[in-house]
Amino acid sequence: MLDLLTLIGFGLGTGALMMLPALGLSIQLSVDKFLNIAHGEFIAMGAYTFYVLHQITPLPQPLIFVLVVVAVAATGPVVERLVFAPIRSRSTLILLTTSLGLSLILQNSILAIFGVTSKRVEYDESWVTPIAATGPLRITPAIALILAVAGAAALSVTLFLRLTPYGKALRALAANPDLAAVSGVPVRRMRAMTWAGAAGLAGAGGALLPLVSSFTPDTGFLLLLTVVAGVLFGGLGSMGGVILGCLVIGIAMEVSTMWISPALRPGVALAILAAVLLIRPRGLFGTEVLK
Amino acid sequence: MIQFLMTASVSALIFGLLSLGLNIQWGFGGMVNFGVVGFFSLGAYGTAMSAVTLPGDGGSRLSRDTFLFGLGLPFPVSIVIGVVTASVVAALLALLVLRAGLSDDYLGVVTLAFAQLLWLATSTQKGLVNGFNGIRNIPSPVDVNSPNYDQSYLLVAGAVAIVVGLIVWRIWRSPFGRVLRIVREDPQIGEALGYNASWHRIVAFTLGAAVAGLAGGLWAGFLGSITPNAFRIEETLLALAAVVVGGSGNVIGSLVGSFLVVGVINQGSRFIPWPVAIEEYVPPLRLILVGLLMVLVLRLRPAGVVPERLVKLRRPRSAASARTEVHSA
C-alpha cells in the first residue's frame, strides 16, 4: 500500500506524460475541428521507434529522443496530406471514422512487426531511486525528467503561439479558416506545421514512455482516452487548461488506486470527463479560439 | 462443411443485427458510436446473468466461479433484460453528451471509453461476471442436445432479425424517421422547424443500442458461454466497417456490409491455407485490410456499396413544377 503523497508523485509523472500528446491534440483539434483518433498511434510510434533505435544503435539516449521526435513529427504532415486533406470538406462523422480506420491500420502494423508481447527498455537502478530532496513525494529521476520535458514543451508551445508570427497565423486559422486564407495565411503550410507539431509532441510523449513503463501495440490507443479527458477537462484551445487538466487527471488516476483496482484507472479519467461534460461542457478554461 | 456454414450463417446474422443497430445511429441519426461492442456486451452479459442459475452454495468455493448474481429466468425474459440494460446505458450516455449540445467527436470518445471500461471491468474484476473465465451454461432458447441445433437457432435468430429489420424499416419511413433525417443533415434546420433535435438523436441512439443488445443476447444464447474476449474493440471496428462499406442509412446495406466484411474478409480468410511462416501475421493483416477498406470507401464511395436511396417527391401542384430530391429509405 502506497501512501497518498507517493501516489501524487506518481500522478505528476503520469500527468506530465499525458501532457505532451495532449498539447499536440489540443492544437490539432482547435485547427481542424475534428478529433484524430489515430493521435494515440503517434505515441506508440514514438515508443517503438525509441525502442528500436535504443536496441540497434549505440547512440546516447538524449540524441535518440531528438531523432524520435523528428521522425514522428515528419509522419504527421504525411498523414494529413495523404489521408485527411482529400476529405477535409466532408462531415465530421467521416473524418472521425476515417481516423479510427487509420488508427486500426497503424496499430495493427505495429502489432504485425513487433508482436503482442510487451516491450521495455532497461534502465539502471539510479533512474528509479527516489530523489531524496523530493521527500515523501518520492519523485524518481525518470519522473523528474518527464516533468522537465513536459514543462519545457508546454512553455515553448505557449510562447510559440503567443509571440511568433507563425503562432499568430495558426491562431487565425483556428479561429476562422476562410478569413485566415484571404488574409494571406499559407493554409496548407500551416496545416502541415500543425500536424508536425501534434505528431512530434505525441512522439515525444511516446519516447519518454519507456522511462516509466513497458508498452504494447495498443498502449497509444488506450492512452488516447485519458489524453482526450485531459484536453477536454482543461478546455479546448487553452494551453493552461491542458496542463492543469492532465495533471489533475494524472494525479486522480494514481490516487484512485488506493481504493480501486489499478486496471480500472482509465475509468477515473472517464468519470472526470463525464462530470466536466455535465457541468461545464466547454471545460474549465475552454474558449472557441486557440490562445 | 454444412455444419460450418450453418454456424457461420448464425454468426453472420447476429453480426448483421449488430451492424443494423450501429446503422440506426451512424447512418440514420448521423451519430458516431465507437463503443458499439459495449452495447453488444451489455446485451450478452445482461441476458446471460439473468438466465444462468447459480449452484446452491453460490458455487464460488467449489468451482471458483464468482458472479454478482444469476437469476435463472427463462430465456425470452432474460433477453428482454439484456436489451433493456443496453438501452438504459445508451440513453444515459447519449443524454450526457447530446443534451449538452456537444459535437460528434465527444460522443465518439465517450462511447469508445465506455466500451473500453466495460471490457476492463468484465475481464479484470473477477467478482463481477467471473472475469476472463466468463459465464458458462447459459440456457438456449432451442434444445441444445438436438442434432439440428444450429439450424433451429438459425430459424429463431432469422425470425427475430426479420421482425427487427421490418420494425427498423417502418420507423425509418415514419414521421420520426423523416425528422431524424432532417436532424442528421442539419440539426439547426430541425430545430427551426420546431423539432427537438437532441431528443430525436437520443431516441435513435437508444434504439440502435437496443438492437445491438438484442444481437448480444442472441449471441450469448447461441454460444452457451461468453468471455470478455468476445467483446473486444475489434468487433466495433468490424461493425463500423460493415456499415461504412455496405452503405449507411439503409437496412440492406448493413447486411451486405456484414457479409463482405465478416463473411469474406474475416471468416473467408480462414480457409486460405496460409504458409506457417506468415500465419501469425494473418490476424493483424486482416484488420489492416479492414482499416484500409474503411478509409478507402469513405474517400471514394462514402455512400457505400448500397447507397441510401433517393426518392423523388412531387411538390404540391400549386408549387413550381420543379421536382425535389429528398432523402428517404
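Residues numbered from 1 in each chain as written. Chains lettered and ligands numbered in written order. Predicted model: local features only at pLDDT ≥ 70, side-chain atom pairs only at ≥ 80, totals over all residues. Heavy atoms only, no water.

K.L.:
Which parts of the structure should I look at to understand the interface of chain A and chain B?
P.N.:
When the parts come together, some accessible area is lost, and that loss is often what is quoted as the size of the interface. If you look at the interface, chain A gives 42 residues, while chain B gives 40 residues. Buried surface at the junction of chain A and chain B, both sides included, amounts to about 3500 Å², of which 81% is carbon and sulfur. Of all residues in chain A, the largest losses of buried area upon contact with chain B belong to Leu93, Leu104 and Leu225 of chain A, amounting jointly to 17% of the total for that side. The tally of links between chain A and chain B comes to 0 salt bridges. Scanning the region where chain A abuts chain B turns up 4 residue pairs in polar contact (both at pLDDT 80 or more). Contributions of two or more residues to the side of chain A that touches chain B are made by α3 (61–84), α4 (92–114), α9 (219–234) and α11 (265–279) of chain A. Top element by residues in the side of chain A that touches chain B is α4 of chain A. It accounts for 15 residues. (Contact = heavy atoms within 4.5 Å. Buried area = accessible area lost by both parts, 1.4 Å probe. Salt bridge = Lys/Arg side-chain N within 4 Å of Asp/Glu carboxyl O. Polar contact = N/O pair within 3.5 Å; in protein donor to acceptor, adjacent residues only side chain to side chain. Helix = DSSP H or I, 4+ residues; strand = E, 2+ residues; numbered from the N terminus.)

K.L.:
What exactly am I supposed to notice about the nonpolar core here?
P.N.:
One recurring pattern in soluble globular proteins: nonpolar side chains tend to sit buried together. If you look at the biggest cluster of nonpolar residues, it comprises 188 residues, and the most contacted ones within it are Ile37 of chain A together with Leu17, Phe39, Ile135, Tyr153 and Ile226 of chain B. Those residues within four positions of leucine 17 of chain B in sequence are excluded, and the remaining contacts are Ala161, Val164, Val211, Leu214, Ala215 and Leu218 of chain B. (Core = buried A, V, L, I, M, F, W, Y, C linked by side-chain atoms within 4.5 Å. Buried < 20%, exposed > 50% of the residue type's maximum accessible area, 1.4 Å probe, protein only.)

K.L.:
Help me understand unusual backbone geometry, please; the structure alone is not making it clear to me.
P.N.:
Note: most peptide bonds trans; most residues except glycine with negative phi. You will see that lysine 33 of chain A, though not glycine, has its phi angle at about 60°, which is positive. As for its placement among the helices and strands, lysine 33 of chain A is situated in the loop between α1 (4–32) and α2 (39–56). With relative accessibility at 44%, the residue lysine 33 of chain A sits in the partly exposed group. Non-glycine residue asparagine 137 of chain B carries a positive phi angle of around 55°. Looking at the secondary structure, you find asparagine 137 of chain B in the loop between α6 (126–129) and α7 (149–173).

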